[in-house]
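# Close look at the chain arrangement
Chain by chain, the residues run as shown.
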Amino acid sequence: MKHLFAALALGAAALPAVSATTLAYWDFNSDDGQVSTGSLLPSEGGGTLALIGGAQGLFTSGSPGDPAGFPLDSGWSVGGFPAQGTASATAGLAGLVSTVGYHQIVLSFDHKTQPSGNKWFAVEATSDAGDAWARVATFAVPAADTWSTASFDLTAALPGLANQAGFGFRVVAIFEPGTLAYQAVEAGYNGDFGLVIDRLTVQATPVPEAGSIALALAGLAGVAGIAGRQARRAPCPS
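These numbers were taken from a predicted model, which means no experiment stands behind them.

### Digging into the overall build of the chain
For the chain, the count of helices and strands is three helices and 12 strands. Taking all 238 residues of the chain together, the buried fraction comes to 40%. Put simply, 78% of the contacts in the chain that link residues at least 6 apart link residues at least 24 apart. Only carbon and sulfur atoms are counted for the fraction: they give 58% of the accessible area of the chain, which is about 11,600 Å².

### Focus on the nonpolar core
With 42 residues, the main nonpolar core has Phe109, Leu154, Phe167, Phe169 and Leu200 as its most contacted residues. Mapped by element, the contributors of at least two residues to this core are strand S1 (21–26), strand S5 (74–79), strand S7 (102–112), strand S8 (120–126), strand S9 (134–140), strand S10 (148–153), strand S11 (168–173) and strand S12 (195–206). Sort the elements by how many residues they give to this core and S12 lands first, with five residues. In this structure leucine 200 touches Ala24, Tyr25, Trp26, Phe28, Leu49, Leu107, Ser108, Phe109 and Phe169, once residues within four positions along its chain are discounted. Judged by nonpolar contacts, the second largest core, of seven residues, contains Ala94, Trp120, Ala122 and Ile174.

### Examining the sheet that holds strand S3 (residues 48–52)
Taken together, five strands build an open sheet; the order of strands is S3-S6-S11-S8-S9 and the sheet is antiparallel. Looking along the sheet, the strands with just one partner apiece sit at the ends: S3 and S9. Direction aside, neighbouring strands of the sheet carry axes that sit 20 degrees apart on average. Where S8 lies against S9, six bridges are found, and the strand directions are antiparallel. Opposite valine 123, over in S9, you have alanine 137 as the bridge partner.

### Some details on the confidence of the model for the chain
The predicted coordinates of low-pLDDT regions are not to be read in fine detail. The pLDDT averaged across the chain works out to 87; a share of 81% of its residues lies at or above 70. Low confidence marks residues 4–13, where pLDDT is under 50. Its contacts with residues over four positions away, or in another chain, come to 10 contacts.

### What about the side chain of aspartate 198?
Tracing the sequence through the fold places aspartate 198 in strand S12. Lacking a salt bridge, the buried aspartate 198 has arginine 199 as its closest oppositely charged neighbour, with an N-O distance of 6.0 Å. A distance of 2.7 Å separates a polar side-chain atom of aspartate 198 from the backbone nitrogen of serine 63.

Cut-off values and rules
Residues numbered from 1 in each chain as written. Predicted model: local features only at pLDDT ≥ 70, side-chain atom pairs only at ≥ 80, totals over all residues. Heavy atoms only, no water. Helix = DSSP H or I, 4+ residues; strand = E, 2+ residues; numbered from the N terminus. Buried < 20%, exposed > 50% of the residue type's maximum accessible area, 1.4 Å probe, protein only. Contact = heavy atoms within 4.5 Å. Areas by Shrake-Rupley, 256 points an atom, 1.4 Å probe, with all protein chains shown as cover. Core = buried A, V, L, I, M, F, W, Y, C linked by side-chain atoms within 4.5 Å. Pairing = 2+ DSSP bridges. Axes fitted to C-alpha atoms, helices over the stretch in contact; angles between N-to-C directions. pLDDT = per-residue confidence, 0-100. Lys, Arg positive; Asp, Glu negative; His and termini not counted. Salt bridge = Lys/Arg side-chain N within 4 Å of Asp/Glu carboxyl O. Polar contact = N/O pair within 3.5 Å; in protein donor to acceptor, adjacent residues only side chain to side chain.

And the structure:
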C-alpha cells in the first residue's frame, strides 16, 4: 500500500501546475489626477475596447476596489442606450483579446449605475472577431449607486472560445427577461445613464504543453502498473 501511495504522489507531481494568467486588464486610469480623463489602453496585457450600437462613453470615478484611489481612479461609463422598447442587445461595449495558447477564460469587472439606469445586461462572446456572437449569460444590476462585481466563466459555456486569435466579448443592454421593455434599477428608465465599468479583466489558463502532458500520462501509467501488481500479490481470502 505504501508503494501505491508513493506512485499516486508521483502521478500527481507529474501533472502540470498551471495558474491563471491575466490576458488583459483595464483599470481605465490616467496619471493626470483627473478621473474624467481616463484611458482605454489596457494597463496589463493586450486588447482593445470599443463602443457599439450607438452607445456613448465617458470617464468618471471608478471602483473603490481599484488601489489607485481618488483622483487617479477612473471608471468607464457606457450609456446612450436605445429608446424604450427598441434595439435590445445591440448597444454597449465590446473587447477583443487573443486567447491563443489559453483556455478556461474568465471575464470579470466591477459595475454600478444610477437609479434610472438600465438594470439588465447580457454578456456575449465571439471566436471570429465579431462576425458571430453567442450569449453566455445575463445579469442584473442589484442596486443603484452601489458597486458590484460580476464574473463569467466563458469557456464553461462556450468551449470553442479557447485558443482563438479572434476571441472577443461584449456587454450589451437588454430588455428585462420575458418582456419587450428595458427596466430601470429603481426609477423610470433613462438610457442616457451609463453602466460604469472598472477593473475589467480577462484571465485564462495556459494550455499544457505536449511534453508536460506526456510526463503526466507516464506518471499515471506508473500508478496503474503498481496498483495492478499490488492486486496480484494480495492473498486470496480463505
